Amino acid sequence: MMRAEQLFKTFNPGTPIENPVLRGLSLTIESGQFVTVIGSNGAGKSTLLNAISGDLFVDSGSLHIDEQDVTRVPAWQRAGMVARVFQDPMAGTCEGLSIEENMALAWHRGRSRGFGRAIRAEQRELFRDKLAMLKLGLENRLADRIDLLSGGQRQAVSLLMASLQPSRILLLDEHTAALDPKTAAFVLELTDRIVQENKLTAMMVTHSMRQALDHGHRTVMLHQGRVVLDVSGDERKQMQVSDLLAMFEKTRGEQIDDDALLLG
Amino acid sequence: MTPIALMGALEIGLIFALVALGVLISFRILDFPDLTADGSFPLGGAVAATLIAGGHDPWLACGFGALAGAVSGLVTAWLHVRLNILQLLASILVMIALYSINLRIMGAPNMPLIGSPTVFAPFIGEALENSWLVQPAVLAVIIVAAKIALDLFFASQTGLAMRATGANPRMARAQGVATERMVLAGMALSNALIALAGALYVQTQGGADVSMGVGTIVVGLAAVIIGETLLPSRKLWVITLATIIGALLYRLLIAVALNADFIGLQAQDLNLITALLVGGALVLPQLKAKLRRKGGKAS
Ligand SMILES: Nc1ncnc2c1ncn2[C@@H]1O[C@H](COP(=O)(O)OP(=O)(O)OP(=O)(O)O)[C@@H](O)[C@H]1O
Ligand SMILES: [Mg+2]
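Residue positions are counted from 1 within each chain, in the order its sequence is given. Lettering of chains starts at A and numbering of ligands starts at 1, both following the order in which they are written. Reporting in this predicted model follows two pLDDT cut-offs: at least 70 for local features of residues, and 80 or more for side-chain atom pairs to be given and counted; totals over whole chains, interfaces and linings ignore these cut-offs and use all residues. Processing note: side-chain calculations cover all non-hydrogen atoms of the structure and skip hydrogens and water entirely.

**Section: the UniProt feature "domain: ABC transporter" (unreviewed entry) in chain A**
In plain terms, the rule: UniProt positions are given in the numbering used here, feature names are shortened, and annotations may be inferred rather than shown by experiment. Strands here are runs of E lasting at least two residues and helices are runs of H or I lasting at least four, both read from the DSSP assignment and numbered beginning at the N terminus.
UniProt annotation of "domain: ABC transporter" (unreviewed entry) refers to residues 2-249 of chain A when read in the numbering used here. A helix fraction of 34% and a strand fraction of 24% characterise residues 2-249 of chain A, whose end C-alpha atoms lie 29 Å from each other.

What follows is the structure, given as structure tokens:
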């Protein structure tokens with residue numbers, strides 16, 4: 001379970017480019033729930049995910065993962081609870097390291113690291129089996145540098161890496177945005193499979209209304225640093241992309257009204 | 001070139017192989033441009049020379065020299081990680097501070113070690129007739145041991161985490177790596193190796209001099225660059241090997257250049273040659289790529 005209460009975050013406070021991004025955002029996600037997150041550019045989606053992962057600290061508000069207060073816990077100490085896949089395929093893997101070295105890093109996520117060998121034979125077997133599931137032929141390329149892989153292959157490996165150790169929440173920030181439609185569909189299907197198999201609690205940011213409704217159990221829309229729409233269950237099942245789009249447009253309309261007010 | 005001159009070049013090359021391994025850790029593995037070397041190399045020398053002159057065991061002196069180097073690396077890393085001082089600037093601050101500290105440690109600008117025991121002494125005959133062979137041999141054993149230890153370390157869980165810290169710190173943190181600690185530890189390791197080289201250097205040269213550190217970083221970097229140009233690889237054990245070969249080759253080239261009378265070079269031209277060499281090695285890969293592109297167009 002993840003519970004965010006009254007999160008506030010302002011970038012560059014006290015300067016002319018002051019930017020209040022999270023403005024009292026509250027959101028609770030139950031264990032095993034898969035939530036899709038939508039919202040226009042700059043709505044604060046990535047900022048929320050970064051706050052949950054500990055990449056940035058919020059100005060005020062509190063964050064709990066299960067019952068533990070993690071508001072001031074640095075990213076590396078949260079890693080045992082939080083798994084993530086970044087939008088940029090380069091960001092989630094380590095350039096210059098091999099596929100198996102990357103997977104070994106992820107295999108130790110949230111565990112203490114000693115001076116034993118990073119990759120032992122049984123781990124190599126495990127990595128090979130996991131990679132074989134992808135049916136991309138990567139199981140024979142364990143020692144290849146990860147930067148030789150295509151963006152889609154790297155995202156698929158990133159997903160595998162995120163599932164090597166249990167996590168309390170999996171964060172996916174537009175992880176298919178950089179991929180062509182066919183590869184994106186493949187990675188999305190893989191996402192569903194991994195989330196279901198491991199009964200993961202997950203948040204997936206997407207700009208596709210279709211994806212937002214087709215995947216997961218619940219959809220939330222962020223706007224100006226707050227949750228403005230939260231649908232699940234039957235209400236969500238009956239929802240069409242056009243309904244969602246209409247609501248999306250409505251919030252954007254309000255934004256323009258706000259600006260008009262400010263200018264007037 | 002005489003065999004003795006050749007072994008002399010090899011000897012200094014082996015010492016700078018240690019420096020180069022240290023530079024490899026900071027510049028390449030941690031991606032931390034660190035100039036502390038110009039201060040930590042003479043620091044290791046100053047500590048070792050002072051201890052040896054004080055009648056202590058030379059191996060112990062090497063150990064304390066390395067330890068002092070580790071502390072200096074730690075300070076540079078701390079200035080950056082905790083006080084947010086730019087990496088280059090943090091290392092320059094420590095480097096110039098070390099100049100004063102080294103003078104304090106030795107109590108004078110130089111400290112002769114003629115006739116004092118060294119780590120090489122037990123293997124050298126009474127008339128010093130075999131010292132030109134013994135010193136490189138002992139150094140070679142130390143360098144090989146250091147290389148193997150580093151290779152094992154960087155294949156370990158912690159070593160891999162350190163490499164990830166340099167390559168992609170955000171990803172490393174997301175995998176639970178305490179990246180700040182990794183930078184601190186890596187910089188300590190890097191400068192410990194460089195200071196150890198300084199400690200061995202004063203024992204081959206028969207004394208320490210406060211200005212012996214000038215240009216250390218450039219020589220170390222030259223070795224790393226020559227190594228990766230000649231033997232490009234992503235495998236770490238190949239990279240450390242290439243670095244050592246780079247250091248040896250660099251000193252041999254320098255020795256040949258200085259020995260060839262017809263070129264008319266003298267010892268004081270060393271830094272100029274180094275700068276030209278490093279510059280050349282930096283441009284070479286770009287030149288190669290350009291030529292390849294041209295060739296591709298023509299065919
Ligand atoms: N580190 C930062 N420093 C300053 N401003 C930032 C920083 N990170 C994000 N911002 C700003 O915060 C706002 C919200 O950014 P965020 O990345 O959370 O939006 P988003 O909802 O993910 O948008 P997108 O759909 O474009 O990814 C943007 O205006 C962005 O410029
Ligand atoms: Mg975003």
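Continuing now.
**Observations regarding the packing of helix H1 (residues 3-29) of chain B against helix H5 (residues 131-154) of chain B**
Residues and elements named next belong to chain B. Counted only if it meets this: Axis definition: a line fitted to C-alpha atoms, over the contacting stretch in the case of helices. Angles run 0 to 180 degrees between N-to-C directions. For classification purposes, angles smaller than 35 degrees are called roughly parallel, those larger than 145 roughly antiparallel, those between 65 and 115 roughly perpendicular, and all remaining angles oblique. Here a crossing is called left-handed whenever its near helix is offset anticlockwise from the far helix by less than a right angle, and right-handed whenever the offset is clockwise. Contact definition: two residues touch when any of their heavy atoms are within 4.5 Å. Just so you know the grouping, Ala, Val, Leu, Ile, Met, Phe, Trp, Tyr, Cys and Pro go in nonpolar, Asp, Glu, Lys and Arg go in charged, and all remaining residues, Gly too, go in polar.
Axis separation between H1 and H5 bottoms out at 9 Å; the angle between their running directions is 20°. When the interaxial angle is binned, H1 and H5 end up roughly parallel. In the crossing of H1 with H5, the sense of the turn from one axis to the other is left-handed. Across the interface between the two elements, Pro 3, Ile 4, Met 7, Glu 11, Leu 14, Ile 15, Ala 17, Leu 18, Leu 21, Ile 25 and Ile 29 of H1 pack against Trp 132, Leu 133, Gln 135, Pro 136, Leu 139, Ala 140, Ile 143, Ala 146, Leu 150 and Phe 154 of H5. Looking at the contact of H1 with H5, its residues break down into 19 nonpolar, 1 polar and 1 charged.

**Brief notes about the packing of helix H4 (residues 121-134) of chain A against helix H5 (residues 151-162) of chain A**
Residue and element names in this part refer to chain A. One can describe the packing of H4 onto H5 by two numbers: an axis separation of 10 Å at closest approach and a directional angle of 130°. Looking at the two axes, H4 sits oblique to H5. As for the relative orientation of H4 and H5, their crossing is right-handed in sense. Across from Lys 130, Leu 131, Met 133 and Leu 134 in H4, the residues of H5 making contact are Ala 156, Val 157 and Leu 160. Of the residues contributing to the contact of H4 with H5, the split by class is 6 nonpolar, no polar and 1 charged.

**Observations concerning the interface of chain A and chain B**
Formally: When two parts are brought into contact, each loses some accessible area as probed by a 1.4 Å sphere; the total of that loss over both is the buried area. Salt bridges are defined as contacts in which a side-chain nitrogen from Lys or Arg sits within 4 Å of a carboxyl oxygen from Asp or Glu. For this analysis, a polar contact is any N or O atom pair within 3.5 Å, provided that within protein one partner can donate a hydrogen and the other can accept it, and provided that sequence-adjacent residues contribute only side-chain to side-chain pairs.
Each partner contributes to the interface: chain A provides 35 residues, whereas chain B provides 21 residues. Carbon and sulfur atoms supply 58% of the area buried between chain A and chain B, which totals about 2300 Å² over both sides. Looking at the side of chain A facing chain B, the largest losses of area belong to Trp 76, Leu 105 and Arg 113 of chain A, adding up to 27% of the total buried there. Linking chain A to chain B there are 3 salt bridges. Salt-bridge contacts for Arg 163 of chain B lead to Glu 101 of chain A; the nearest nitrogen and oxygen are separated by 3.2 Å. In this structure, the connection of chain A to chain B is made through 12 residue pairs in polar contact (both at pLDDT 80 or more). Elements supplying a minimum of two residues to the side of chain A that touches chain B: helix H2 (75-78), strand E6 (82-85) and helix H3 (99-107) of chain A. Tallying contributions element by element places H3 of chain A first for the side of chain A that touches chain B, with 5 residues.

**A few points about the side chain of His 175 of chain A**
Residue and element names in this part refer to chain A. Using the following cut-off: Residue burial is assigned from relative accessible area. The probe radius is 1.4 Å, only protein chains are included, and a residue is buried under 20% of its type maximum, exposed over 50%, and partly exposed in between.
The residue His 175 is located in the loop between strand E7 (169-173) and helix H6 (181-197) in this model. In this structure His 175 comes out as buried when scored by relative accessible area, which is 1%. With residues near it in sequence (within four places) discarded, His 175 still touches Val 85, Phe 86, Gln 87, Gln 155, Leu 159, Val 187, Leu 188, Thr 191 and Met 204.

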